[in-house]
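# What the coordinates show
What follows is the residue order along each chain.
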Amino acid sequence: MKAIGFKSSLPIENQESFIEFEASKPIPGDRDLLIKIDAVSVNPVDFKIRQSSAKDTVLETPKIIGWDAVGIVQAVGEKVTLFEIGDLVYYAGDITKQGSNAEYQIIDERIVGKKPQSLSIEEAAVIPLTALTAWEILFDRIRISEEKDKGKSILIIGGAGGVGSIAIQLAKKIAGLTVIATASRPETIDWCKQQGADFVVNHKDLVSSVREAGFENVDFILDFVDTNAYWDTMVELIKPQGHIASITGSSDPVVLNKLKSKSASFSWELMYTRSMYQTEDMIEQHHILNKVADLLDEGVLKTTLNLTLNGLNADNFKKAHQLLESGKTIGKIAIKF
């Protein structure tokens with residue numbers, strides 16, 4: 001099969017930052033599906049792993065990354081029960097295995113969902129990783145429910161990004177929250193409003209912007225940008241007994257003591273935890289993806305696709321990574337094979 005990968009962590013401008021090569025078509029294990037991939041999308045995790053996983057070394061076999069895909073089931077393992085050959089599916093993958101930037105991929109059926117019928121392959125390809133991340137951070141980590149939390153306020157830092165875009169929709173349309181999103185450019189402000197944000201505030205002076213919008217404090221905060229950079233701001237803005245959650249990691253220790261007087265909670269979210277540790281509830285990602293597909297087909301949610309590149313080639317992945325690394329992308333980028 002044709003695949004796109006890299007042997008060394010190089011600047012994206014380098015000709016060898018991505019290479020095209022031939023690889024063996026993988027063979028599915030007991031609970032695996034073999035997928036013929038039709039489209040993928042790119043996420044910040046892609047360039048972070050490209051930049052770090054082969055630093056100061058040259059891999060013998062190129063590494064294939066990519067954690068969003070849409071495709072057709074070509075073969076199934078002996079213990080597969082959720083899908084059949086010919087099914088159209090979408091998924092976000094498993095960070096411990098080879099990625100989706102190739103013609104074929106094997107994937108555990110428990111982290112795969114049915115493709116939304118109403119969406120094109122590229123519209124569907126941009127959904128899985130960000131939707132799973134946003135769903136888990138809202139409903140599994142903070143445990144928000146419409147019944148007890150409807151009308152409460154949530155601040156989403158990084159509203160125009162991939163995860164922020166779908167998190168705004170879920171928080172507004174599924175949880176019934178009052179959504180405050182951060183953005184600073186006219187185009188990102190407009191994008192956040194299109195996703196359903198009630199208020200858009202400027203992240204460059206976040207405390208003042210939130211207060212000017214009429215909120216002394218907020219019930220929940222989602223950080224999709226930089227935990228270190230916004231930690232003191234989040235501590236100041238969170239309500240007593242509120243909840244902060246982040247996906248970004250932290251290069252320095254997070255000073256949790258600052259939340260003590262408010263009895264506020266903090267959670268990390270990593271979408272790969274369930275597959276990485278083969279947790280007992282790993283199949284929840286299958287259920288979440290199916291719920292999201294239904295919500296997309298019903299028109300409750302909408303795709304966050306903003307750019308499509310055509311062709312399984314190194315140049316398209318270089319272009320997509322350059323755009324992501326700029327930090328100015330809006331919504332998601334898909335690559336259609």
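All of the points below concern the structure found in this document. Owing to the predicted nature of the structure, the values given are computational and were not obtained by experimental measurement.

## Concerning the overall build of the chain
Counting its regular elements, the chain contains 11 helices and 15 strands. Projected onto its principal axes, the C-alpha coordinates of the chain cover approximately 55 × 45 × 35 Å. Looking at the 337 residues of the chain, the share that counts as buried comes to 54%. When contacts within the chain are restricted to residue pairs at least 6 apart in sequence, those whose partners lie at least 24 apart make up 71%. Summing over all exposed atoms, the chain offers an accessible surface of approximately 14,400 Å²; the carbon and sulfur share of this is 47%. The chain carries 37 positive and 46 negative side-chain charges, and their two centres are separated by 3 Å.

## Description of helix α8 (residues 227-237)
Those residues of α8 that fall on the buried side of the exposure criterion are Thr-227, Tyr-230, Trp-231, Thr-233, Met-234, Val-235 and Leu-237. Close packing links the buried residues of α8 with β8 (153-157), α7 (206-212), β11 (218-223), β12 (238-246) and β13 (265-268). A distance of 3.0 Å separates the backbone nitrogen of Asn-228 from a side-chain oxygen at the start of α8, and that oxygen is part of Asp-226.

## As for unusual backbone geometry
In this structure, Arg-143 takes a positive phi of about 65 degrees despite not being glycine. Position of Arg-143 among the secondary structure elements: in the loop between α3 (128-141) and α4 (146-149). Positive phi is not limited to glycine here, since Gln-278 has a value of about 45 degrees. One can find Gln-278 in the loop between α9 (273-276) and α10 (284-297).

## Some points on the pattern of salt bridges
Here the structure, examined in full by the defined rule, presents 21 salt bridges. Among the ionic pairs, Lys-2 bridges to Glu-20, the shortest N-O distance being 3.7 Å. One end of the pair, Lys-2, is in strand β1 (residues 2-5); the other, Glu-20, is in strand β2 (residues 19-22), and 18 residues separate them in sequence. When its relative accessible area of 26% is taken as the criterion, Lys-2 is described as partly exposed. Residue Asp-281 pairs with Arg-274 through a salt bridge whose shortest N-O separation is 2.9 Å. Judged by its relative accessible area of 32%, Asp-281 is partly exposed. The network of salt bridges with shared partners includes Glu-136, Asp-140, Arg-141, Glu-269, Arg-274 and Asp-281.

Rules of the game
Residues numbered from 1 in each chain as written. Predicted model: local features only at pLDDT ≥ 70, side-chain atom pairs only at ≥ 80, totals over all residues. Heavy atoms only, no water. Helix = DSSP H or I, 4+ residues; strand = E, 2+ residues; numbered from the N terminus. Buried < 20%, exposed > 50% of the residue type's maximum accessible area, 1.4 Å probe, protein only. Contact = heavy atoms within 4.5 Å. Areas by Shrake-Rupley, 256 points an atom, 1.4 Å probe, with all protein chains shown as cover. Lys, Arg positive; Asp, Glu negative; His and termini not counted. Charge placed at Lys NZ, Arg CZ, Asp CG, Glu CD. Polar contact = N/O pair within 3.5 Å; in protein donor to acceptor, adjacent residues only side chain to side chain. Salt bridge = Lys/Arg side-chain N within 4 Å of Asp/Glu carboxyl O.

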